[in-house]
Amino acid sequence: MSDRPVATSLGTALAGQFPVSPNNPCPFLRALVANGYVGGHVVPLSQLAETIGAASGETGSAQTRVRIATRVIAGIANGLGPASVIRSATSGAVLDELRDGPLDKHGGGSRILDAEAKVHDEQIERLASFGKDCKDPSGGIETGLTAKEIEAFMAANIKRDGDAARWYFPILMKGEWPVLLKILGKGEGETRYLSVAEVRTLFVERRFPERITARLPKPAAPRM
Ligand code: HEM
């Protein structure tokens, strides 16, 4: 695999959103790009850290930790070589060149997004099959995954990947679904859960729930 992927195609845009490249495989970043919170190509690490810090809803030193973690992850996301790391640190992370980078598990994750960034609904159903009925703090019952079920889901993903799974995949995964649970989860403590309906909206519609967008500054609007 070359250090820099050749394809940086613009990708598709959903109605009223910015286009997102298929070479951006992260559902969280895809929604940030689609809704104009960050650009789709080179994004300075400081801007990425600030945006994700705000989205996390954390304040004070907890938000500082989120910002630092984001800088570290985004700083190596386009390649581990010195040239790549320096380029990320000085110009920014290249969000439409994340595919085939060091964080890409090539099918070792949920497989909800394929290599062309198409959403596979049957994989969202599979995610749901790990969940259970959860009590929505604002009323009603819905299918969701608590930290425990997310652990089981991630372990099953590694198992499904068989010999292709690398030793460090479980480490990468800790920065994906468990962090999404932290940011998007409903409820507190052991009962905090990730709503499958909201995961579907994130992947399919590239949208965050309003309680998350309320934490973010007003984004750029796409030209109609
Ligand atoms: C709070 C911030 C973030 C959250 C909640 C988040 C969450 C996720 C989730 C849930 C996945 C899906 C994994 C799967 O399908 O199994 C993912 C994948 C990915 N994320 Fe993020 N992410 C965040 C920040 C970032 C950052 C800053 C980068 C790099 C600049 C990044 C790069 C990736 C990549 C490359 C993948 C694809 C992994 C794969 O397909 O194996 N993410 N992320």
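Residues numbered from 1 in each chain as written. Predicted model: local features only at pLDDT ≥ 70, side-chain atom pairs only at ≥ 80, totals over all residues. Heavy atoms only, no water.

Give me the overall build of the protein chain: which residues, what numbers.
Tallying secondary structure elements over the protein chain gives 10 helices and five strands in all. For a compact globule of 224 residues, the expected C-alpha radius of gyration is about 17 Å, and the protein chain comes in at 17 Å, within 12% of that figure. With the C-alpha coordinates of the protein chain rotated into their principal frame, the extents come out at 50 × 45 × 40 Å. Counting contacts in the protein chain only where the partners sit at least 6 residues apart, residues at least 24 apart contribute 59% of the total. By element, 58% of the accessible surface of the protein chain is carried by carbon and sulfur atoms, the whole surface being about 11,800 Å². (Helix = DSSP H or I, 4+ residues; strand = E, 2+ residues; numbered from the N terminus. Rg over C-alpha atoms; globule rule 2.2 N^0.38 Å. Contact = heavy atoms within 4.5 Å. Areas by Shrake-Rupley, 256 points an atom, 1.4 Å probe, with all protein chains shown as cover.)

Lay out the coordination of the iron atom of the ligand in plain terms, naming residues and giving numbers.
In this structure, the iron atom of the ligand receives exactly one donor atom from the protein: C26 (SG), at 2.3 Å. Locating C26 in the fold gives a position in the segment before α1 (27–34). (Donors = N, O, S within 2.8 Å, 3.2 Å for Na, K, Ca; no water.)

Account for the sheet that holds strand β3 (residues 132–135), naming residues and giving values.
Strand order across the open sheet formed by three strands is β3-β4-β5, with antiparallel pairing between neighbours. Two strands bound the open sheet, and with one partner strand each, they are β3 and β5 (193–195). Within this sheet the neighbouring strands show an average axis-to-axis angle of 65°, counted without direction. Here β3 pairs with strand β4 (residues 141–146) via four bridges, running antiparallel. Counted as the bridge partner of K135 is I141 from β4. Of the strands in this sheet, β3, β4 and β5 touch helix α6 (residues 147–161), which is tilted by about 60° from β4. Of the strands in this sheet, β4 and β5 are in contact with helix α9 (residues 196–205), which crosses β5 at around 55°. (Pairing = 2+ DSSP bridges. Axes fitted to C-alpha atoms, helices over the stretch in contact; angles between N-to-C directions.)

How would you sum up the nonpolar core? Please name residues and give values.
With 43 residues, the main nonpolar core has F28, L32, L48, L95, W177 and L194 as its most contacted residues. Among the elements of the structure, α1, α2 (45–56), α5 (121–129), α6, α8 (177–184) and α9 are those that each provide at least two residues to this core. With six residues, α1 is the single largest residue contributor to this core. Residue contacts for L48: discarding those within four places in its chain leaves L29, V38, V43, T70, A74, A93 and L95. (Core = buried A, V, L, I, M, F, W, Y, C linked by side-chain atoms within 4.5 Å. Buried < 20%, exposed > 50% of the residue type's maximum accessible area, 1.4 Å probe, protein only.)

Describe α6, listing the residues and the values that go with them.
Under the 1.5 Å per step criterion, the end-to-end length of α6 is 21 Å for 15 residues, consistent within 8% with the ideal 21 Å. Looking only at α6, the buried set comprises E149, I150, F153, M154, N157 and D161. Looking down the long axis of α6, one finds its buried residues gathered within 140° of arc, a one-sided arrangement. For α6, exposure combined with an orientation more than 90 degrees from the buried face picks out K148 and K159. One or two residues past the end of α6 sits G162, with phi positive at roughly 55°. (Expected span 1.5 Å × (residues − 1). Arc of directions from axis to C-beta.)

Any chance you could break down the packing of α1 against α2 for me, citing the residues and the numbers?
Axis separation between α1 and α2 bottoms out at 12 Å; the angle between their running directions is 105°. Looking at the two axes, α1 sits roughly perpendicular to α2. The segment α1 lies against α2, with F28, L29 and L32 engaging L48, T51, I52 and A55. Classifying every residue of the contact of α1 with α2 by side-chain character gives six nonpolar, one polar and no charged. (Parallel < 35°, antiparallel > 145°, perpendicular 65-115°, else oblique. Nonpolar A, V, L, I, M, F, W, Y, C, P; charged D, E, K, R; others polar.)

Mind laying out the site of the ligand, listing which residues take part and the relevant values?
The local shell around the ligand holds 18 residues, among which C26, K105, S110, E176 and W177 are the closest. In this structure, an oxygen atom belonging to the ligand sits 2.9 Å away from a side-chain N or O atom of W177. Elements supplying a minimum of two residues to the shell around the ligand: α1 and α8. A per-class count over the shell around the ligand returns 13 nonpolar, two polar and three charged. Here the shell around the ligand gathers at least three residues from each of two domains, domain 1 (16–104) and domain 2 (107–215). (Near = heavy atom within 4 Å. Polar contact = N/O pair within 3.5 Å; in protein donor to acceptor, adjacent residues only side chain to side chain. Domains from an automatic or database assignment.)

If you had to explain the pairing of β4 to someone new, which residues and values would you point to?
Linkage of β3 to β4, two consecutive antiparallel strands, is achieved through a turn of five residues, within which G139 is found at a positive phi near 115°. Relative to β5, β4 is paired through three bridges, and the arrangement is antiparallel. Looking across to β5, one finds that L145 is bridged to L194.

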